[in-house]
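Structural features, examined
This is what each chain is made of:
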Amino acid sequence: MRNIDLVITGSSRPQLFPFTWESFKKYVHFRGNLRVIFHEDFVFPKESEKVMNYLNNLKDRGEIHEIIHHNPCIGLGRALDDIIKNHIKSDFIFYLQDDWEFERPIDLDQLVWTMEENKEMNLIFFNKIKNYGVLNKAPCPQYTFSYTDFILWHGWTFLPGIWRMSKVKEKWAVRVERPEGFFTNQFGTHQQRQDVGWCEKNIGAYALGKTGEPRYVRHIGNDWRMASWRLQNGKPGGVHDANRMDIPYRGKWLPDLVERPHRNDNYTKQQIDEMLKEEAGIK
């Protein structure tokens, strides 16, 4: 029976995590032993205390096994650094943040088996947009590994996904600001990562699904950005526009989109366009 560590990082968002947790239990299927590790970063201590109360109730019910927290906050990069170096026990982890809501079923057993069968695969993640054949002018060809379809990715993403820990530990490096991009750069320069062959050999990151396939997860934290460089006037930053950030990417067979807690701020069309480009990794 497989053992998997589910690693969840959170940051003062008690309004969002219940949607993440309930959708994970509903849509992500695993028949092995799932050990759940949650790290809460105290960006806004009063809000994080609400998260801790929720987590402790889950722990009492046996749904969460280890709770880590830092007050004052240390940032996502340093939180992951602590978890990777001191808390992981499994060969693969499922990484998740506290602001993702699953929309489609995922067979975790099959995907971990696929990675076991195909050693060149180091990351399988679940897209928040549809799978494009070209993204940021880089081709994202489609592959089939062990009966399942994927598209190639040109970096390492912190979207929900399965990580091969031997590869992560080989390349792991951390920076306080923008840790995701900093880690991706450990796999090669931007120019090198535009090359399909380079990405196949040196990264091994793939999004689940065929080219053009709708997303698997909904980002409900678009306007609850808690990183120090994303805060706006001391409050959570970002923007939410469901007509442009959700509806074009989700499966047409899914029920109508249900509103989730978000912050309504007024942004110009240009500001929204710039944020959408950043979301998609378009420079």
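Residues numbered from 1 in each chain as written. Predicted model: local features only at pLDDT ≥ 70, side-chain atom pairs only at ≥ 80, totals over all residues. Heavy atoms only, no water.

Considerations on the pattern of salt bridges
Test applied: The working definition used for a salt bridge is a side-chain nitrogen of Lys or Arg within 4 Å of a carboxyl oxygen of Asp or Glu. What counts as a helix is a DSSP run of H or I of at least four residues, what counts as a strand is a run of E of at least two, and both are numbered from the N terminus.
Taken as a whole and judged by the stated rule, the model has 21 salt bridges. In this structure, Glu63 and Lys25 form a salt bridge, with 3.1 Å as the shortest nitrogen-oxygen distance. Of the two residues, Glu63 sits in the loop between α2 (45–60) and β4 (66–70) while Lys25 sits in helix α1 (residues 17–27), which places them 38 residues apart along the sequence. Here Glu66 ties to Arg35 by a salt bridge, and the two come within 2.8 Å at their closest N and O atoms.

With respect to the nonpolar core
The criterion, for reference: The criterion is simple. A nonpolar core is a set of buried Ala, Val, Leu, Ile, Met, Phe, Trp, Tyr and Cys residues joined through side-chain atoms within 4.5 Å. Throughout this description, buried means an accessible area under 20% of the type-specific maximum (1.4 Å probe, protein chains only), exposed means over 50%, and partly exposed covers the range between. We call two residues contacting when some pair of their heavy atoms lies within 4.5 Å.
One finds Trp21, Phe94, Phe126, Trp156, Ile162 and Trp163 to be the most contacted residues of the largest nonpolar core, which totals 67 residues. It is strand β5 (residues 92–97) that contributes the most residues to this core, 5 residues altogether. When residues no more than four places from it in sequence are discounted, the contact partners of Trp163 are Leu80, Ile84, Asp91, Phe92, Ile93, Tyr95, Asn122, Leu123, Trp156, Thr157, Phe158 and Val168. One finds Leu16, Val43, Ile220 and Met226 within the second-largest nonpolar core, a separate group that totals 5 residues.

Structural notes on the environment of Asp41
Within the secondary structure, Asp41 is located in strand β3 (residues 33–41). Judged by relative accessible area, which is 6%, Asp41 ranks as buried. With 152 residues separating them in the primary sequence, Asp41 and Arg193 have C-alpha atoms 32 Å apart. Setting aside its immediate chain neighbours within four residues, Asp41 contacts Gly10, Ser11, Ser12, Ser48, His70, Cys73, Ile74, Gly75 and Leu76.

Focus: the state of the cysteines
To be explicit about the condition: Any two cysteine sulfur atoms lying within 2.5 Å of each other are counted as a disulfide.
On inspection of all chains with the given rule, the structure shows 0 disulfides. Free cysteine: Cys140, not disulfide-bonded; nearest cysteine sulfur from Cys199 at 8.6 Å. Classification of Cys140 as buried rests on a relative accessible area of 2%.

What to know about the packing of aromatic side chains
Short version of the rule: Here is the rule: rings of Phe, Tyr and Trp (six-membered ring for Trp) pair when centre to centre is within 6.5 Å. Planes less than 30 degrees apart are stacked, more than 60 are edge-to-face, and the remainder are tilted.
Applying the stated criterion across every chain, the model contains 24 aromatic pairs. Note on Tyr95 and Trp163: the rings are 5.0 Å apart at their centroids and 45° apart in plane angle, and the pair reads as tilted. Taken as a pair, Tyr95 in strand β5 and Trp163 in strand β13 (residues 161–164) lie far apart in primary sequence, 68 residues in all. Like Tyr95, the residue Trp163 is buried in the burial classification. For the pair Phe145 and Phe150, a centre-to-centre distance of 6.0 Å together with 55° between the ring planes defines the contact as tilted.

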